[in-house]
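Structural description and commentary
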Amino acid sequence: TATTDQYNLLRRMVTLFDTSSIGSGSTITPGSNTYSLFGTGKAEEMTGTSINVVVCAPTSNTALAASDYDIAKWTMTSQVTAVITLASWSTTAYNDFTLSATGEGNISKTGITKFGAVTNWDQSNTAPTWVSSAVVQGQCNDAGAAGTGNDPKLVVIYTTAGGGTFKALLGVGI
């Protein structure tokens, strides 16, 4: 806001993927899995901002409620090998995050995988240096965007219990 040390908006991105087709007996191939958000815009009027991927836990798999943004429904542990700085955020292509071992461990082989995107300020619960009426955001498409070509996506490489290797390209469920 224009009032010193007051902020009026915090955004978080919620993405859910039906990963049940992987199957409980499958093995996820380490280091080969990505979470991607198609960038559509950005604003960084406070420097030092980055976007990170964490786990979220909305109550429903088909709709969001205001309570889903409560901090208690978010683990702020990074799920990726590297964050993307807002300065590097693409506004015309996918921003690809390589999942870390932690992120790969949070892929549900039998249900819904729930990831969210947050800023480093939100993740660390630290206020950025205040700038009057500043805007900081990495904009991206969600599942409600027209068409499906630029939806959030999760790519998982896995081997089935029978030995076949598969690549699952999963679109967002919410």
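Structure first, text after, so check above.
Owing to the predicted nature of the structure, the values given are computational and were not obtained by experimental measurement. (Residues numbered from 1 in each chain as written. Predicted model: local features only at pLDDT ≥ 70, side-chain atom pairs only at ≥ 80, totals over all residues. Heavy atoms only, no water.)

1. Observations concerning unusual backbone geometry
Excluding glycine, a negative phi dihedral is what most residues carry, and trans is how most peptide bonds are arranged. At N125, a position not held by glycine, the phi torsion is positive, near 55 degrees. By secondary structure assignment, the location of N125 is in the loop between α2 (120-124) and β9 (136-140). Relative accessible area serves as the criterion here: at 72%, N125 is assigned to the exposed category. (Helix = DSSP H or I, 4+ residues; strand = E, 2+ residues; numbered from the N terminus. Buried < 20%, exposed > 50% of the residue type's maximum accessible area, 1.4 Å probe, protein only.)

2. Some thoughts on the nonpolar core
Of all hydrophobic cores here, the largest spans 22 residues; its most connected members are Y35, F97 and F115. Elements with a contribution of two residues or more to this core: β1 (13-18), β3 (34-44), β4 (50-56), β8 (112-119) and β10 (153-159). Membership of the second largest hydrophobic core comes to 7 residues, among which are V14, L16, W74 and V118. (Core = buried A, V, L, I, M, F, W, Y, C linked by side-chain atoms within 4.5 Å.)

3. Structural notes on the pairing of β4
Counting buried positions along β4 gives 7 out of 7 residues, so the element sits mostly inside the fold. Alternating positions in β4 separate into two faces, S50, N52, V54 and C56 on one and I51, V53 and V55 on the other, with burial throughout. Bridging between β4 and strand β6 (residues 84-85) involves 2 bridges; their strand directions are antiparallel. Directly across from S50, in β6, lies its bridge partner T85. Bridge analysis of β4 against strand β5 (residues 74-75) gives 2 bridges, and the strand direction is antiparallel. Residue pairing across strands places C56 opposite W74, the latter belonging to β5. (Pairing = 2+ DSSP bridges.)

4. Structural notes on the packing of aromatic side chains
Evaluation of the coordinates by the stated rule reveals 4 aromatic pairs. Taking the centre distance of 5.3 Å and the plane angle of 85 degrees together, the rings of F38 and Y94 count as edge-to-face. With F38 in strand β3 and Y94 in strand β7 (residues 94-98), this pair connects stretches of sequence that are 56 residues apart. For F38, a relative accessible area of 14% translates into the label buried. By relative accessible area, Y94 is classed as partly exposed at 21%. (Phe/Tyr/Trp six-rings, centres within 6.5 Å; stacked < 30°, edge-to-face > 60°.)

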